[in-house]
Amino acid sequence: MRYDDSTPAPEPASSVSPERRWFARRSALAVGTAVLAPTALAGWVLVQVTTGAGADDARPPRIVMPAASGTDASAAPQTSAATPPTTPGPSASAKGPLAGRTVVIDPGHNTGNFKHTSEIDQKVDIGTNRKECDTTGTTTNSGYMEAEFTLDVSRRLRTVLEAKGLKVVLTHEADRPWGPCINERARIGNEAGADAVVSVHADGVSEGNRGYHVILPAKVKGGAADTAKIVEPSRSLGERIASNFARTTGSAPANYLGGGTGLVVRDDLGGLNLSTRPKVFIECGNMRDAKDAALLTSPQWRQKAAQGIADGIVGFLGG
Ligand SMILES: [Zn+2]
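The structure contained in this document is the topic of the report that follows. (Residues numbered from 1 in each chain as written. Predicted model: local features only at pLDDT ≥ 70, side-chain atom pairs only at ≥ 80, totals over all residues. Heavy atoms only, no water.)

### What to know about the nonpolar core
For step 1, the next point in the chain: Ranked by internal contacts, the top residues of the largest apolar core, which has 51 residues, are F149, L161, I241, I309 and I313.
For step 2, the next point in the chain: In terms of residue count, helix 8 (residues 299-316) provides more of this core than any other element does, eight residues in total.
For step 3, the next point in the chain: If you look at the next biggest cluster of nonpolar residues, it comprises five residues, including A254, Y256, L257 and V264. (Core = buried A, V, L, I, M, F, W, Y, C linked by side-chain atoms within 4.5 Å. Buried < 20%, exposed > 50% of the residue type's maximum accessible area, 1.4 Å probe, protein only. Helix = DSSP H or I, 4+ residues; strand = E, 2+ residues; numbered from the N terminus.)

Right, dumping it as structure tokens:
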């Protein structure tokens, strides 16, 4: 989630832009058939949208999204040189390819950020730009904090991954008053030499917007940011996470962006721009939608969410 509370949102959460309505119409058409394996993502379009996707930005994100026509549930999974030669899904072959591999999990925001707005509002260098250190994240209408959600899912995810024999590092466990800043979150993944990094979030947009989406790094270069080497493997990681998340949770891809694919490419997130390791964000649902909130506040659903993310990571690593 991008803004919140103490800092003025760039646009009222309740406003629905023409772009948003366009997405909703496209998504309504696409969501019934466009499911777990978005492939052949031809025709990239650059659009300006005003949703609250993502975590570490403070203004309407610029989103590079695939055309909705690029979904084809019947096609073979997209392959590339960076795609491990395995099929998505859980694969319990413990050791082997997972031995010695490291996963960094980044629980979005921090429950203490609300009390430290002056600290988290300070700008940091994200290579391509300067942005706020961190943001508070959103909450459900009943007050369940995104930062509580992200930490809970991250801990569940760690348990699942460690049972597979993976080394897991969390960027924080709310064991510090605020933060870390987005540049430090990226650095933790880089310095750990992570084989995969996942930043866990939930969105905070208006009622009726539902579903999950995975945010992939765009190709950017500027200052310390250079994502050329991680764009392809991050896409592979993100596609696997998206498809497995849909399978374990039963959730649909977001109906308000991503053209029904559950995938969005962004060039404005410091946590992605500064990463040198394959990395994605996942927005697990919309905390401001009553139906999604009922899922996000359920421990049983959060376990399914963690399982889906874990299965995607394990598949990506060839396990
Ligand atoms: Zn967030």
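Right, picking up where we left off after that structure.
### A closer look at the pattern of salt bridges
For step 1, the next point in the chain: Throughout the structure, instances matching the rule amount to 14 salt bridges.
For step 2, the next point in the chain: The partner of D195 in a salt bridge is R101, with the nearest N and O atoms 3.4 Å apart. Placement of the pair is D195 in the loop between helix 4 (182-191) and strand 7 (196-203) and R101 in the loop between strand 2 (62-66) and strand 3 (102-107), with a sequence separation of 94 residues.
For step 3, the next point in the chain: The residue E184 makes a salt bridge to R176 at a minimum N-O spacing of 3.5 Å.
For step 4, the next point in the chain: What emerges from the salt-bridge pattern is a single network uniting D106, D134 and R185. (Salt bridge = Lys/Arg side-chain N within 4 Å of Asp/Glu carboxyl O.)

### Describing unusual backbone geometry
For step 1, the next point in the chain: Cis geometry marks the peptide bond from G179 to P180; its omega dihedral reads 5 degrees.
For step 2, the next point in the chain: Looking at the secondary structure, you find P180 in the loop between strand 6 (167-170) and helix 4.
For step 3, the next point in the chain: A positive phi angle, near 65 degrees, is found at H109, a position not held by glycine.
For step 4, the next point in the chain: Residue placement: H109 occurs in the loop between strand 3 and helix 2 (117-120).

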